[in-house]
2 protein chains.
Amino acid sequence: MKIGKRYTQARKRIFTAIEKMDKPVSAQEIYDYIKQNYEEVDLASIYRNLELMNKSDAVNVILFGEGKKRYELKNKKGHHHHLFCEGCGDIKDIKMKEENLINNVKDSQGFVIKKHNLEFFGLCPNCQ
Amino acid sequence: MKIGKRYTQARKRIFTAIEKMDKPVSAQEIYDYIKQNYEEVDLASIYRNLELMNKSDAVNVILFGEGKKRYELKNKKGHHHHLFCEGCGDIKDIKMKEENLINNVKDSQGFVIKKHNLEFFGLCPNCQ
DNA sequence: TGACATATTGCGAATTATTCGCAATAATGT
DNA sequence: ACATTATTGCGAATAATTCGCAATATGTCA
Ligand SMILES: [Mn+2]
Ligand SMILES: [Mn+2]
Ligand SMILES: [Zn+2]
Ligand SMILES: [Zn+2]
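Now for a description of the structure that goes with this document. (Residues numbered from 1 in each chain as written. Chains lettered and ligands numbered in written order. Predicted model: local features only at pLDDT ≥ 70, side-chain atom pairs only at ≥ 80, totals over all residues. Heavy atoms only, no water.)

With respect to the overall build of chain A
Rule in force here: Only DSSP runs of H or I with at least four residues qualify as helices, and only runs of E with at least two residues qualify as strands; both kinds are numbered from the N terminus onward. When a residue's accessible area, from a 1.4 Å probe over protein chains only, is under 20% of the maximum for its type it is buried; when over 50% it is exposed; and in between it is partly exposed. Residue contacts are counted whenever heavy atoms from the two residues lie within 4.5 Å of one another.
Of regular secondary structure, chain A possesses four helices and five strands. Counting helices and strands in the order they occur from the N terminus, chain A gives α-α-α-β-β-β-β-α-β. Within chain A, the proportion of its 128 residues that are buried is 40%. Counting contacts in chain A only where the partners sit at least 6 residues apart, residues at least 24 apart contribute 44% of the total.

The structure is reproduced here in structure tokens:
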């Protein structure tokens, strides 16, 4: 939850928005959500804070190839991945044991693994 | 290799470029590569063809969160994943057994898995 | 081989996501 | 309350990707 140095209104609103929406959300979705609550935070500020939250490890960046980034709070639910429905864009959390996977990569290529993202693409029940 | 209905100059050039560069490349990189060969294909046409190649399963879209998409030919090398160096942007192919992973996801959530992308982030030898 | 039908290209403009510069403002320590 | 300065709002700037449309190239068939 360490974002910047000051606990501002914008940060409270952004954090609360992501928490309440409870799924990987885009900057624009955060903006819209806040507005629904008759409050407002400039889009540029939302981007700046998401950047900070990412650097301070408060959020994960999730990519589905939509041409934009999505963000999700890191705490609460542990490490997990997602199912993205190519039909409707619905997103589902999935958990799985993956120690083997990770170990297979450690040290290979001489890389130091900082993190990894695993995304699955398919069709949800409604879209099949 | 089935892209569109006609085997055009643009398609030959784009395909060859991706093949020769032999790594996940962006639309702009394809454009630049073709230009080096004293030939040219409009960027819009490159985007249109990458879209087609993706739909016809000739290329994979690979995302590293750089704010743009990368494409890689599907044939030749089998299914594999990548290591992306956050320091220099270097990309390495990696292979691994993952039958377990996939099986864990099949049927869960009632989703039909179409494909998945697994990306690792870290630092390559030069950047550590 | 040459003309036709139309898939595809080039080009410029439009979109969308994200970033920047900077002056105004709000958060924190004294 | 005051000063310091991190942060915001705003408008403009970028960067990636998409569109509309007239010009062109490709595959087909007479
Ligand atoms: Mn999630
Ligand atoms: Mn590869
Ligand atoms: Zn769906
Ligand atoms: Zn590197």
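Let us keep going from here.
Comments concerning the protein's contact with DNA strand C
Here is the rule we go by: Here a residue is near a molecule or strand as soon as one of its heavy atoms is found within 4 Å of it. Whenever a nitrogen or oxygen atom comes within 3.5 Å of another N or O atom, the pair is scored as a polar contact, on the condition that within protein one atom can donate a hydrogen and the other can accept it, and that pairs from neighbouring residues in sequence are kept only if both atoms are in side chains. Classes in brief: Ala, Val, Leu, Ile, Met, Phe, Trp, Tyr, Cys and Pro nonpolar; Asp, Glu, Lys and Arg charged; the others, Gly included, polar.
The environment of DNA strand C is formed by 23 residues, the closest being Tyr-47 of chain A together with Lys-5, Arg-6, Arg-11 and Arg-48 of chain B. Near the protein, within 4 Å, the atoms of DNA strand C are sugar or phosphate in 62% of cases. The separation between a base oxygen of DNA strand C and a polar side-chain atom of Arg-6 of chain B is 2.9 Å. Counting residues per element, the ones that place at least two in the surface near DNA strand C are helix H3 (43-55) of chain A together with helix H1 (9-21) and helix H3 (43-55) of chain B. With four residues, H3 of chain B is the single largest residue contributor to the surface near DNA strand C. Among the residues making up the surface near DNA strand C, the classes are represented as six nonpolar, seven polar and ten charged.

Structural notes on the protein's contact with DNA strand D
Lys-5, Arg-6, Arg-11 and Arg-48 of chain A together with Tyr-47 of chain B are the nearest of the 22 residues found near DNA strand D. The sugar-phosphate backbone supplies 62% of the atoms of DNA strand D found within 4 Å of the protein. Between DNA strand D and Arg-48 of chain B there is a distance of 3.3 Å, counted from a base oxygen to a side-chain nitrogen or oxygen. Its residues assigned to classes, the surface near DNA strand D shows six nonpolar, six polar and ten charged.

Thoughts on the pairing of strand S3 (residues 81-85) of chain B
All names here are of chain B. Which entries qualify depends on this criterion: Being paired, for any two strands, means DSSP has found at least two bridges between them.
Counting buried positions over the five residues of S3 gives five, a clear majority of the element. Along S3, one buried face is formed by His-81, Leu-83 and Cys-85 and the opposite face, lined by His-82 and Phe-84, is buried too. Note: S3 against strand S4 (residues 91-94), four bridges, orientation antiparallel. Considered in S4, the bridge of His-81 is made with Ile-94. Following S3, the chain reverses through five residues before pairing antiparallel with S4; Gly-89 in that reversal takes a positive phi of roughly 80°.

As for H3 of chain A
In an α-helix, one turn spans 3.6 residues; hence positions three or four apart end up facing the same way. Residues and elements named next belong to chain A. Heads up, the rule is: Here, expected helix span is obtained from the residue count minus one, scaled by 1.5 Å. An arc is given here, and it is the one of the directions from the helix axis to the C-beta atoms.
Across its 13 residues, H3 extends 18 Å between first and last C-alpha, which sits within 8% of the 18 Å expected from 1.5 Å per residue. Listed as buried for H3 are Ile-46, Asn-49, Leu-50 and Met-53. Viewed along the axis of H3, the buried residues span an arc of 105°, placing them on a single side of the element. Seen from the buried face of H3, the exposed residues on the opposite side, beyond 90 degrees, are Arg-48 and Lys-55. Packing partners of the buried residues in H3 comprise helix H1 (9-21), helix H2 (27-36), strand S1 (59-63) and strand S2 (69-73). Where H3 starts, the residue carrying a side-chain oxygen 2.9 Å from the main-chain nitrogen of Ala-44 turns out to be Asp-42. Looking one or two residues past H3, Asp-57 carries a phi angle of roughly 65°, positive in sign.

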